[in-house]
Amino acid sequence: RPSALELDPGFSCATSMSSKKISRFSSPRGQLIRPHGVAVADDGSIIVADIGPDNRVQAILPSGECKTVCTELQRPCGVAVDKDCDILASEFNAHRVWALQGWR
């Protein structure tokens, strides 16, 4: 289960690898609505920030499996992977950068 390293005190990010949030406006895991940022991890996983109605960061593993890394960001628009393979995700609306750890 991933954890969010809070870079802005006083706010927490609920994260889930198995988010099943389905509503009229959300999309199934693996389906991208408005992908806005892409990064590649050292194992070949593709990390995507999707600012569509779900506002989530997803990881597409080399096996083809899709994992939802975080669903509580406000318009995630950029992603990067650091040397420890943690995901750095920026929020457009909240003006923050998150370190999402343990996503694998």
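Residues numbered from 1 in each chain as written. Predicted model: local features only at pLDDT ≥ 70, side-chain atom pairs only at ≥ 80, totals over all residues. Heavy atoms only, no water.

1. Quick word on the overall build of the protein chain
Link 1 in the chain: In terms of regular secondary structure, the protein chain is built from 0 helices and 8 strands.
Link 2 in the chain: Among the 104 residues that make up the protein chain, the fraction classed as buried is 42%. (Helix = DSSP H or I, 4+ residues; strand = E, 2+ residues; numbered from the N terminus. Buried < 20%, exposed > 50% of the residue type's maximum accessible area, 1.4 Å probe, protein only.)

2. Thoughts on the side chain of Asp86
Link 1 in the chain: Mapped onto the elements of the fold, Asp86 is located in the loop between strand 6 (76-81) and strand 7 (87-91).
Link 2 in the chain: Look at Asp86 and you get buried, because its relative accessible area is 13%.
Link 3 in the chain: Those residues in contact with Asp86 that lie beyond four places of it in its chain are Ala80, Val81, Leu100, Gln101, Gly102 and Trp103. (Contact = heavy atoms within 4.5 Å.)

3. Section: the confidence of the model for the protein chain
Link 1 in the chain: Residue-level pLDDT values for the protein chain average 75, and 71% of them are 70 or greater.
Link 2 in the chain: Confidence over residues 1-25 falls short of pLDDT 50; this stretch has 60 contacts with residues more than four positions distant or in other chains. (pLDDT = per-residue confidence, 0-100.)

4. So, the sheet that holds strand 2 (residues 35-40)
Link 1 in the chain: Strand order in the open sheet made by the 4 strands is 2-3-4-5, with antiparallel pairing throughout. Each of the sheet's edge strands pairs with one partner strand only, and the pair in question is strand 2 and strand 5 (66-70). This sheet shows a mean twist of 25 degrees between the axes of neighbouring strands, independent of strand direction.
Link 2 in the chain: Bridge count between strand 3 (residues 46-50) and strand 4 (residues 56-60): 5 bridges; the pairing is antiparallel. In the strand pairing of strand 4, Ile46 is matched with Ile60. (Pairing = 2+ DSSP bridges. Axes fitted to C-alpha atoms, helices over the stretch in contact; angles between N-to-C directions.)

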